[in-house]
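One letter stands for each residue in the lines below.
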Amino acid sequence: MLYNSEIPLSSGYTNVIINAGKVENHGWEIGVNSENITGDFTWTTSANIAFNRNKVLALNDRNDPIYSGRSGEGSFTHITEVGKPVGLFYGYVVEGIYKDQADLDKSPKHVTSVPGSIKYKDVDGNGIIEPVNDFAIIGDPNPKFVWGLTNNFSWKGIDLGIVLVGAQGGQVLKTANQFLENIDGIFNVDRGVLNRWRSPEKPGDGKTPTTNGARVIYRDINSSWVEDASFMRIQNITLGY
């Protein structure tokens, strides 16, 4: 790995890019070709599937985690540490909202929290919700497997090719939510904000907070931004004569 390492200022520099750490990748890739129909009308298929597992074996001299990325609030968004894949998503873990004053009083909270605010997990256990100190791994961008499927058909000079591709598992970080779910009242937002907490009697959807408090930490990176990245799509269709 290439790593930006701090060095003594007496050298005249503050950092240097060095080769450091070890990363292991292992997996399988399988391909299958078949002739399904032959004759005047032909149909052939080519399929492939690939599995890969990525793991960090070593980092710097002390194996300290590497934090990277930058949210709109200046917080890290990714973490790389020994024993886990490279570049996992890193942020607050959402536990709901503070349902009422009693819930707020008995729960760990941010200095700006009020009834109806977003509730995050107190990762370090000190009773105070604060950036980075209460961040945890919230997602993994690596899919379980990726695949491709190509079907070719031909008949009397006409040929048709259809290519499908896809991935299963893995997650994506929807960073646009820091704008789409901004509850400052100065942006156009996702319609889901209509279902926000308004009072203990009108709790909304139970996950969208009030606009009255803790707005800054709500628009910082959190587990509600993580979405399933599995997909299948038609990559290409070719028709010829």
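Residues numbered from 1 in each chain as written. Predicted model: local features only at pLDDT ≥ 70, side-chain atom pairs only at ≥ 80, totals over all residues. Heavy atoms only, no water.

Draft legend 1. Region of the structure containing the sheet that holds strand β12 (residues 158-168). A sheet is described by the order of its strands in space; here five strands give the open sequence β3-β4-β11-β12-β15, paired in antiparallel fashion. The outermost strands of the open sheet, each flanked by one partner alone, are β3 (22-37) and β15 (231-240). Direction aside, the axes of adjacent strands within the sheet are offset by 10° on average. Bridging between β12 and β15 involves nine bridges; their strand directions are antiparallel. What sits directly across from Gly166, in β15, is Met232. (Pairing = 2+ DSSP bridges. Helix = DSSP H or I, 4+ residues; strand = E, 2+ residues; numbered from the N terminus. Axes fitted to C-alpha atoms, helices over the stretch in contact; angles between N-to-C directions.)

Draft legend 2. Main features of unusual backbone geometry. For Val132, which is not glycine, the phi dihedral falls at a positive 65°. Mapping Val132 onto the fold places it in the loop between β9 (118-120) and β10 (136-139). Of note, Lys156 is a non-glycine position whose phi angle comes to about 50°, a positive value. Among the structural elements, Lys156 can be located in the loop between β11 (145-155) and β12. Under the relative-accessibility criterion, Lys156 is labelled exposed at 62%. (Buried < 20%, exposed > 50% of the residue type's maximum accessible area, 1.4 Å probe, protein only.)

Draft legend 3. Looking closely at the nonpolar core. Core analysis: the biggest nonpolar cluster contains 21 residues, and Tyr92, Tyr120, Leu173, Ile217 and Ile221 have the highest contact counts within it. Looking at this core, the elements with two or more residues in it are β7 (88-91), β9 and α3 (215-218). Looking at this core element by element, the count peaks at three residues for β7. Other than its neighbours up to four places away in sequence, Tyr92 contacts Tyr120, Ile129, Glu130, Pro131, Asp134, Phe135, Ile138, Ile217, Asp220, Ile221, Asn222 and Ser223. With five residues, the next largest nonpolar core counts Tyr3, Ala20, Leu59 and Ile66 among its residues. (Core = buried A, V, L, I, M, F, W, Y, C linked by side-chain atoms within 4.5 Å. Contact = heavy atoms within 4.5 Å.)

Draft legend 4. Examining the pairing of β7 more closely. Of the two faces of β7, both are covered, the one formed by Leu88 and Tyr90 as well as the one formed by Phe89 and Gly91. Across two bridges, the pairing between strand β6 (residues 78-80) and β7 is antiparallel. Pairing of Ile79 across the sheet is with Leu88, part of β7. One ladder, built from three bridges, connects β7 with β10; its direction is antiparallel. Across the sheet, residue Phe89 finds its bridge partner in β10, namely Gly139.

Draft legend 5. Structural view of the pattern of salt bridges. Evaluated as defined, the whole model comprises seven salt bridges. Among the ionic pairs, Arg219 bridges to Glu73, the shortest N-O distance being 2.8 Å. You can see Arg219 sitting in the loop between α3 and β14 (226-228) and its partner Glu73 sitting in the loop between β5 (66-68) and β6, a full 146 residues away along the chain. Residue classification places Arg219 among the buried positions, given a relative accessible area of 17%. (Salt bridge = Lys/Arg side-chain N within 4 Å of Asp/Glu carboxyl O.)

Any functional reading would require information that these geometric values do not contain.
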